[in-house]
Amino acid sequence: MIEHFDVVVVGAGISGIGAGYHLKTQAPDRSYVILEGRDRLGGTWDLFRYPGIRSDSDMYTLGYSFKPWTEAKAIADGGSILRYLEETAREHDIERHIRYAHRVVSAAWSTADAAWTVTAERGPEQERVVFTCNFLFMCSGYYNYAKGHAPEFPGAEQFAGRIVHPQFWPADLDYSGKRVVVIGSGATAVTLVPEMAKTAAHVTMLQRSPTYVVSRPSEDGFANWLRRRLPGKAAYAIVRWRNVLFGQYFYSRTRKYPEQAKQRIVGWVRDHLGPDYDVEKHFTPKYNPWDQRLCLVPDADLFEAIKGGGASVVTERIERFTPTGIRLETGEELSADVIVTATGLELQLMSGITLTVDGGAADPSKSLNYKGMMFSDIPNLALSFGYTNASWTLKADLTCAYVCRLLNTMKARGLRQATPRVGDDDVAPEPFLDFTSGYVQRAVDLFPKQGSKQPWKLHQNYTKDLMALRFGSVDEGMEFSNPAPKPDRRAA
Ligand SMILES: Cc1cc2nc3c(=O)[nH]c(=O)nc-3n(C[C@H](O)[C@H](O)[C@H](O)COP(=O)(O)OP(=O)(O)OC[C@H]3O[C@@H](n4cnc5c(N)ncnc54)[C@H](O)[C@@H]3O)c2cc1C
């Protein structure tokens with residue numbers, strides 16, 4: 001049996017649950033289903049279970065615009081974020097729309113039917129299940145759920161201890177009293193190190209090169225004060241906007257005055273670690289701030305762990321793993337009982353599903369991205385992809401609202417198909433993501449290009465996107481077509 005829905009949403013993480021809310025409130029006459037490959041909702045916030053897992057942006061912007069974040073901590077732990085998502089799904093009756101254990105593997109568009117045929121594999125038996133829909137909304141995140149990025153280290157098979165990747169944290173791992181080496185310098189490494197240092201004998205953060213690390217209080221004093229005085233929604237809206245505007249200001253200043261920003265950020269680290277610590281070597285990257293993502297640490301916990309002696313940073317290249325630890329290119333050896341390879345994610349666009357349009361292969365990586373969510377020449381398909389310089393949800397919210405706007409426009413015009421077309425415009429292709437980080441560079445060929453001008457250019461700016469997506473033209477660069485066929489009178 002093939003079931004039909006107006007909209008198929010793929011994924012029940014922040015984006016997919018947000019999509020459910022927006023469809024219910026802004027396009028309530030449209031039927032929808034959320035196909036989720038895993039057995040639970042939450043996506044990232046359910047998958048990652050490593051010690052200390054937390055947000056690295058504030059919950060007033062990582063939370064939805066429509067549901068106030070009411071906990072005291074602005075930098076929240078993974079469990080609280082998951083509870084917030086479960087609560088959202090419950091409050092808005094979204095859970096009944098979710099089909100768990102349905103992993104979508106392909107989608108085929110037919111112009112004649114104005115529909116996608118979506119094929120999923122159900123359960124461990126991978127039973128084939130087929131749906132049709134008029135609009136496909138990919139809320140599948142941006143990385144491979146099945147495997148993380150795991151470079152091969154020579155000698156790894158000789159290491160006598162345990163090697164762990166944070167994406168697949170073993171529930172039985174007991175590291176108390178053990179010597180731990182965490183390989184990496186990104187958000188996961190700076191989260192793990194202070195947390196594991198609480199009980200491990202010692203934790204070494206082993207990095208090839210440093211990252212910018214900025215400390216912020218885990219609790220937002222002003223937000224907590226305001227919440228006691230104003231209704232929850234009003235207080236949330238004020239703090240959310242303050243954080244959006246402050247984030248945009250901080251980002252634009254760092255891009256405009258990179259040298260001053262660099263001195264400032266590194267200066268803050270020096271203030272925490274004192275004049276005798278080699279901040280130059282361990283916390284001063286060669287690139288400018290925001291050429292790669294900044295790492296946020298709450299209440300300077302990483303620096304406190306270093307000062308307390310429970311953790312240390314080594315900035316060197318690895319030669320090989322040995323039975324007892326890791327030998328560096330300098331010849332020095334780091335002893336370890338547990339090695340954590342916090343070497344990152346494997347980026348993936350639309351979870352690698354196979355797409356066709358009228359029988360021909362459709363490859364989003366060869367297309368131009370439209371308004372940060374659709375793809376040239378691929379009809380009735382949007383992807384929720386958040387900001388790289390601000391909280392993901394800010395953009396996910398705008399994308400969900402825009403998809404509803406598009407659906408309502410198609411309905412009002414009696415047209416069943418919306419296809420972004422580049423036309424004759426003189427649009428030069430540019431990289432989709434401009435980060436120099438290894439994980440982005442490794443995946444650059446998988447991503448579409450953005451264009452040099454509207455509506456193909458990514459703003460990476462919430463205020464601009466809000467104006468463009470809420471009030472801008474829906475016709476710009478978009479071909480609306482495919483009226484529903486008139487009923488055949490003779491047949492009647
Ligand atoms: C450890 C970690 C910490 C992060 N911290 C922050 C932060 O503090 N701030 C921030 O802005 N961003 C952060 N991010 C980015 C984060 O992923 C986003 O904030 C957000 O959770 C993404 O939500 P999403 O719903 O778009 O995708 P995901 O959370 O990745 O959810 C995607 C869902 O789609 C499902 N899915 C995927 N493919 C298929 C398929 N083919 N068929 C069916 N289902 C499928 C998955 O199972 C999953 O449930 C972090 C990421 C990680 C890994």
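Got a minute to help me understand the site of the ligand in this structure?
Near the ligand you find 33 residues, and of these Ser15, Glu36, Asp56, Ser57 and Tyr145 are the closest. Within the backbone of Asp56, an N or O atom sits 2.5 Å from an oxygen atom of the ligand. Here an oxygen atom of the ligand sits 2.7 Å away from a polar atom, N or O, in the main chain of Trp392. About the coverage of the ligand: the protein hides 95% of its 980 Å² of free accessible area. Residue assignment for the shell around the ligand shows that the elements contributing at least two residues are α1 (14–26), α2 (44–47) and β4 (102–110). Within the shell around the ligand, the residues separate by chemical class into 16 nonpolar, 13 polar and four charged.

Is there a simple way to think about the state of the cysteines in this case?
Put plainly, two cysteines are in a disulfide when a covalent bond ties their sulfur atoms together. Evaluation of the coordinates by the stated rule reveals zero disulfides. In this model Cys133 remains outside any disulfide bridge; the closest cysteine sulfur is found in Cys139, 12 Å from its own. Left without a disulfide partner, Cys400 is nearest to the cysteine sulfur of Cys139, which lies 5.5 Å away. Given the relative accessible area of 2%, Cys400 is considered buried.

Help me understand the environment of Ile265, please; the structure alone is not making it clear to me.
Relative to the elements of secondary structure, Ile265 occurs in helix α8 (residues 258–273). For the pair formed by Ile265 and Leu206, sequence separation is 59 residues and the distance between their alpha carbons is 21 Å. Among residues more than four places away in sequence, those in contact with Ile265 are Tyr212, Val213, Val214, Phe250, Pro289 and Leu294.

What should I look at first to understand the sheet that holds strand β8 (residues 179–183) in this one?
Within a sheet, adjacent strands bond to each other through the backbone by hydrogen bonds, running parallel or antiparallel. Here five strands make up an open sheet; going across it, the order is β7-β16-β8-β9-β12 and the pairing parallel. The open sheet has two edge strands, β7 (162–164) and β12 (311–315), and neither has a second partner. Put simply, the sheet's adjacent strands are angled 20° from each other on average, direction ignored. Direction of pairing for β7 relative to strand β16 (residues 338–341): parallel, over a ladder of three bridges. When the bridges of β16 are listed, Val164 appears paired with Val340. Strands in contact with helix α5 (residues 187–197) are β8, β9 (202–207), β12 and β16; relative to β9, the strand with the most contacts, it is inclined by about 165°.

Whenever I open this one, the sheet that holds strand β14 (residues 325–328) confuses me. Can you help?
The sheet built from three strands is open, its strands ordered β13-β14-β15 with antiparallel pairing. The outermost strands of the open sheet, each flanked by one partner alone, are β13 (318–322) and β15 (333–335). Taking each pair of neighbouring strands and ignoring which way they run, the sheet shows an average axis angle of 20°. As defined by bridge partners, β14 adjoins β15 across three bridges and the pair is classed as antiparallel. In the sheet register, Ile326 faces β15, and the bridge partner there is Leu334.

Got a minute to help me understand the pairing of β4 in this structure?
A regular strand places its side chains on the two faces of the sheet in alternate fashion. As paired elements, β4 and strand β5 (residues 115–122) share eight bridges and run antiparallel to each other. Counterpart to Val104 in the pairing with β5 is Ala120. The antiparallel pairing of β4 with β5 creates a hairpin that spans four residues between the two strands, and Ala114 there sits at a positive phi of about 50°. Here β4 pairs with strand β17 (residues 354–357) via four bridges, running parallel. Bridging from a neighbouring strand, Ser106 pairs with Thr354 of β17.

Any chance you could explain the environment of Pro170 here in plain terms?
Within the fold, Pro170 resides in the loop between β7 and β8. Given the relative accessible area of 17%, Pro170 is considered buried. For the pair formed by Pro170 and Leu85, sequence separation is 85 residues and the distance between their alpha carbons is 24 Å. Excluding anything up to four places from it in sequence, Pro170 contacts Arg162 and Val164.

Honestly, the packing of aromatic side chains in this entry has me stumped. Any pointers?
Two aromatic rings, taken as a pair, are described by how far apart their centres are and by the angle between their planes. What the rule picks out here adds up to 27 aromatic pairs. Note on Trp69 and Tyr84: the rings are 5.3 Å apart at their centroids and 65° apart in plane angle, and the pair reads as edge-to-face. Within this pair, whereas Trp69 is found in the loop between α3 (59–62) and α4 (78–91), its partner Tyr84 is found in helix α4, the two being separated by 15 residues in sequence. Each member of the pair Trp69 and Tyr84 is classed as buried. Pairwise contacts between aromatic rings join Phe48, Tyr50, Tyr142, Tyr143, Tyr145, Phe385, Trp392, Phe432 and Phe447 into one cluster.

Help me out: how do you make sense of the pattern of salt bridges in this one?
When the charged atoms of two side chains lie near each other, side chains of opposite charge can form a pair. Here the structure, examined in full by the defined rule, presents 29 salt bridges. Close ionic contact of Asp46 with Arg38 constitutes a salt bridge, the shortest N to O distance being 3.0 Å. Overall, Arg38 belongs to the partly exposed group, its relative accessible area being 22%. Here Glu476 and Lys371 are joined by a salt bridge, their closest N and O atoms 4.0 Å apart. Of this pair, Glu476 sits in the loop between α13 (462–471) and β25 (478–483) while Lys371 sits in the loop between β19 (369–370) and β20 (374–375), and the two are 105 residues apart along the sequence. When its relative accessible area of 35% is taken as the criterion, Glu476 is described as partly exposed. Taken together, the shared-partner salt bridges connect Arg38, Arg40, Asp46 and Arg49 into one network.

Reading guide: rules and limits
- Residues numbered from 1 in each chain as written.
- Predicted model: local features only at pLDDT ≥ 70, side-chain atom pairs only at ≥ 80, totals over all residues.
- Heavy atoms only, no water.
- Near = heavy atom within 4 Å.
- Polar contact = N/O pair within 3.5 Å; in protein donor to acceptor, adjacent residues only side chain to side chain.
- Areas by Shrake-Rupley, 256 points an atom, 1.4 Å probe, with all protein chains shown as cover.
- Helix = DSSP H or I, 4+ residues; strand = E, 2+ residues; numbered from the N terminus.
- Nonpolar A, V, L, I, M, F, W, Y, C, P; charged D, E, K, R; others polar.
- Disulfide = S-S within 2.5 Å.
- Buried < 20%, exposed > 50% of the residue type's maximum accessible area, 1.4 Å probe, protein only.
- Contact = heavy atoms within 4.5 Å.
- Pairing = 2+ DSSP bridges.
- Axes fitted to C-alpha atoms, helices over the stretch in contact; angles between N-to-C directions.
- Phe/Tyr/Trp six-rings, centres within 6.5 Å; stacked < 30°, edge-to-face > 60°.
- Salt bridge = Lys/Arg side-chain N within 4 Å of Asp/Glu carboxyl O.

As far as function goes, none of this settles anything; it's purely spatial.
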